[in-house]
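Survey of secondary and tertiary structure
Below are the chains, spelled out letter by letter.
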Amino acid sequence: MSLTPESARNVAHVLTEALPYIQRFRGKTVVIKYGGNAMTEADLKDGFARDVVLMKLVGINPVVVHGGGPQIGNLLNRLGKESEFVQGMRVTDSETMDVVEMVLGGQVNKEIVNLLNQHGGSAVGLTGKDGGLIHARKLVLKRTSPELQEPEIIDVGHVGEVASINKAVVDMLVSGGFVPVIAPIGVGDDGHSYNINADLVAGRMAEVLQAEKLILLTNTPGLLDKQGNLLTGLNAARVDELIADGTIYGGMLPKIRCALDAVNTGVNSSVIVDGRVKHAVLLELFTDQGIGTLIKCR
């Protein structure tokens, strides 16, 4: 079936619009945090896999860091174990950590790898424990209140933060033509495994790899103002204003901070993108308008 003249013009426009962006990103690293609806709905998963494979084929080096909170919660429920959260962090005792490793390092990671390979990619899955990729330290949470003379220390178990990243592991895979797919599990000096927020891992990974771009897929169109309009082109000063007036709060705070930290440490730009939009990654990379909330250094 041949294209109509109008359809042919649309296809040609899309291809020519993409060309300068392909040239710009060729040979560069793009770190993608993959999570939310994009990794639970079948058509979105297929769209994501095609996006990543196409990126690699045109000479871009995608590095995928994935989450898996809903999948962890589902398995814990099936095991009769209730999920508990403190300041947005899942309380992770030894039994829960076993489930986290099983779900993130096994089920979710291997599903993503298989999907990329089915669409013609060459993906390799690993956790932060492989090759000493992610060195972690225990995350210490503090709670303050007028009634307390000193901050209260809250123990959330095997929840960690990134101490360092061994970029040689990722470099080896990328130079070999592979797409690294990374589960956010690290190991500490004590030999214990730690569950780390995937946004934070993606941000630090982008920083260490000096990525051209950090893309955070989420379940919202991006950062919205109080009237529901999409905000973009934000810098540090504007982010501070939006936090102060209450526009940025709750779960969006760590994402914004992660994106801002990345651009302040050498990443060219960060963007928070709606993972519910099919082919969101390609639309962000290869179109003039892009989608989502762009965060830049200045």
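The name an unreviewed UniProt entry gives the protein chain is Acetylglutamate kinase, with Sedimenticola thiotaurini as the organism. Under Function (unreviewed entry), UniProt gives the following word-for-word description of the protein chain: "Catalyzes the ATP-dependent phosphorylation of N-acetyl-L-glutamate." Recorded in UniProt under Sequence similarities (unreviewed entry), the annotation for the protein chain is "Belongs to the acetylglutamate kinase family. ArgB subfamily."

**Details of the environment of Gly 88**
Residue placement: Gly 88 occurs in the loop between strand E3 (85-86) and strand E4 (89-90). On the accessibility criterion, Gly 88 (62% relative accessible area) is exposed.

**Some thoughts on the UniProt feature "site: Transition state stabilizer" (unreviewed entry) in the protein chain**
Here, UniProt's "site: Transition state stabilizer" (unreviewed entry) annotation points to Lys 33 and Lys 255. A compact arrangement is adopted by the annotated residues: their sequence extent is 223 residues, whereas the largest C-alpha distance between any two is 10.5 Å. Looking only at the residues we just named, the largest pocket is lined by Lys 33 and Lys 255. Note on placement: Lys 33 falls in strand E1 (residues 29-34). A relative accessible area of 9% means that Lys 33 is categorised as buried. Sequence-distant contacts of Lys 33, defined by excluding residues within four places in its chain, comprise Val 65, Gly 67, Ala 198, Asp 199, Ala 202, Ile 215, Leu 216, Leu 217 and Lys 255.

**Some remarks on unusual backbone geometry**
Of note in this structure, Gln 210 is not a glycine but carries a positive phi near 50°. Locating Gln 210 in the fold gives a position in the loop between helix H6 (198-209) and strand E13 (213-218).

**What to know about the pattern of salt bridges**
Summed over all chains, the structure comprises 15 salt bridges. Between Glu 212 and Lys 28 there is a salt bridge; the shortest N-O distance is 3.7 Å. Of this pair, Glu 212 sits in the loop between H6 and E13 while Lys 28 is found in the loop between helix H1 (5-25) and E1, placing the two residues 184 residues apart along the sequence. With a relative accessible area of 15%, Glu 212 lands in the buried category. With a shortest N-O distance of 3.0 Å, Glu 241 and Arg 238 are connected by a salt bridge. Within this pair, Glu 241 and its partner Arg 238 are both found in helix H7 (residues 236-244), separated by 3 residues, close to a single helical turn.

Reading the values: rules and limits
- Residues numbered from 1 in each chain as written.
- Predicted model: local features only at pLDDT ≥ 70, side-chain atom pairs only at ≥ 80, totals over all residues.
- Heavy atoms only, no water.
- UniProt positions renumbered as here; feature names shortened; annotations may be inferred.
- Helix = DSSP H or I, 4+ residues; strand = E, 2+ residues; numbered from the N terminus.
- Buried < 20%, exposed > 50% of the residue type's maximum accessible area, 1.4 Å probe, protein only.
- 1 Å grid on protein atoms, 1.4 Å probe; cavity = no way out; pocket = protein on both sides within 12 Å on 5 of 7 lines; lining within 4 Å.
- Contact = heavy atoms within 4.5 Å.
- Salt bridge = Lys/Arg side-chain N within 4 Å of Asp/Glu carboxyl O.

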